[in-house]
Amino acid sequence: MIFSMRQRLRFYWRYLQGKTPWDTGIVPPEIVTLVPRLNPGRALDLGCGTGTTTIYLAQQGWRAEGVDYVGAAITKAKRKASAVAVADRARFYVGSVTRLGFIHPGIDLFVDVGCFHSLGEAGQREYTAEVARLAAPGAVMALYAFLPRLMNGRLIGAAPETVTALFAPVFEVESATIGTDSGSGHQSAWYLLRSHILAHQP
Ligand SMILES: C[S@@+](CC[C@H](N)C(=O)[O-])C[C@H]1O[C@@H](n2cnc3c(N)ncnc32)[C@H](O)[C@@H]1O
């Protein structure tokens with residue numbers, strides 16, 4: 001609880017000060033490669049920041065939604081979406097990715113570029129339960145996360161086996177590509193997960 005409140009304050013502060021090195025305006029190439037292989041449907045960008053990836057998905061024909069708990073990031077995301085005329089297909093919400101009651105189930109594609117790894121253990125459990133609840137049959141998830149590392153004296157990130165175990169009730173890890181984050185130099189991984197639930201449960 002204290003960890004998640006501190007994290008939230010850190011992110012507020014970072015956006016307030018403009019110390020957001022992740023906010024490059026570049027859609028990750030892993031997403032650009034994946035998206036044309038999928039049929040457009042509903043997409044949810046978790047921890048969407050200023051909406052770069054959400055807007056890209058809307059431009060590719062998806063009904064895209066982005067969630068972030070920093071209001072300043074969401075305000076900027078909405079402005080960016082209006083500027084490129086996709087505001088009707090890119091919706092943004094201020095809220096926590098651990099409590100997604102305001103999103104309707106039936107998400108075909110989840111995207112997370114750097115949010116999941118900043119949650120503590122409890123937050124990661126809540127997040128995966130929400131994703132499982134919202135996933136449409138056969139849903140896909142593209143997840144970028146740091147491997148475990150110390151940040152401000154706390155262990156953050158997620159080991160590949162943790163990702164596999166937490167998502168297992170609904171998703172299988174189709175691929176995990178370990179690399180090094182170009183900004184920070186930390187070890188990271190891109191995961192492609194696919195729902196093994198292929199029809200609505202009664
Ligand atoms: C490293 S940034 C990445 C932002 C965006 N995905 C991008 O690639 O530009 C992580 C984002 O996750 C958001 N975030 C972290 N924990 C969150 C939570 N529990 N609920 C909603 N947003 C969260 C932060 O506010 C921040 O915008």
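Shown above is the structure to which this text applies.
Keep in mind it's a predicted model, so treat the numbers as computed, not measured.

Enquirer: How would you sum up the sheet that holds strand β9 (residues 187-195)? Please name residues and give values.
Expert: The mixed open sheet is built from 7 strands, whose spatial order is β3-β2-β1-β4-β5-β9-β8. Each edge of the open sheet is held by one strand with a lone partner, namely β3 (90-94) and β8 (171-180). Averaged over neighbouring strand pairs, the angle between their axes works out to 15° when direction is ignored. One ladder, built from 5 bridges, connects strand β2 (residues 63-68) with β3; its direction is parallel. Bridging across to β3, V67 finds its partner in Y93.

Enquirer: Let's hear about the pairing of strand β1 (residues 42-46): which residues, and what values?
Expert: By the criterion of burial, β1 is predominantly enclosed, with 5 of the 5 residues buried. Residues of β1 alternate between two faces, with R42, L44 and L46 on one and A43 and D45 on the opposite face, all of them buried. Relative to β2, β1 is paired through 5 bridges, and the arrangement is parallel. Each bridged residue has a counterpart across the sheet, and for L46 the counterpart in β2 is V67.

Enquirer: Account for the site of the ligand, naming residues and giving values.
Expert: Y15, G47, D68, V97 and V113 are the nearest of the 17 residues found near the ligand. In the model, a nitrogen atom of the ligand is placed 3.2 Å from a nitrogen or oxygen of the Y69 side chain. Residue V113 places a main-chain N or O atom 3.0 Å away from a nitrogen atom belonging to the ligand. Burial of the ligand by the surrounding chains reaches 92%, relative to a free accessible area of 590 Å².

Enquirer: Explain the side chain of E65 to me, and be specific about the residues and the numbers.
Expert: Here E65 shows up in strand β2. Assessed through its relative accessible area of 9%, E65 is described here as buried. Here R42 takes part through its side chain, which lies 3.0 Å from a polar atom of the side chain of E65. Separated by 3.2 Å, the side chains of E65 and Y93 make a polar contact. Beyond its immediate chain neighbours, meaning those up to four positions away, E65 contacts R42, A43, L44, D45, T54, R91, Y93, I103 and I107.

Enquirer: Give me the lowdown on the packing of aromatic side chains, citing residues and values where you can.
Expert: Inspection of the entire model under this criterion finds 12 aromatic pairs. Relative to W190, the ring of Y144 has its centre 5.2 Å away and its plane inclined at 45°; by these criteria the two rings are tilted. A residue pair is termed long-range when its members are at least 10 positions apart, and Y144 in strand β5 (residues 135-146) and W190 in strand β9 qualify at 46 residues. On the basis of an interplanar angle of 80° and a centroid distance of 6.0 Å, the ring pair of F167 and F171 is categorised as edge-to-face.

Calculation notes
Residues numbered from 1 in each chain as written. Predicted model: local features only at pLDDT ≥ 70, side-chain atom pairs only at ≥ 80, totals over all residues. Heavy atoms only, no water. Pairing = 2+ DSSP bridges. Helix = DSSP H or I, 4+ residues; strand = E, 2+ residues; numbered from the N terminus. Axes fitted to C-alpha atoms, helices over the stretch in contact; angles between N-to-C directions. Buried < 20%, exposed > 50% of the residue type's maximum accessible area, 1.4 Å probe, protein only. Near = heavy atom within 4 Å. Polar contact = N/O pair within 3.5 Å; in protein donor to acceptor, adjacent residues only side chain to side chain. Areas by Shrake-Rupley, 256 points an atom, 1.4 Å probe, with all protein chains shown as cover. Contact = heavy atoms within 4.5 Å. Phe/Tyr/Trp six-rings, centres within 6.5 Å; stacked < 30°, edge-to-face > 60°.

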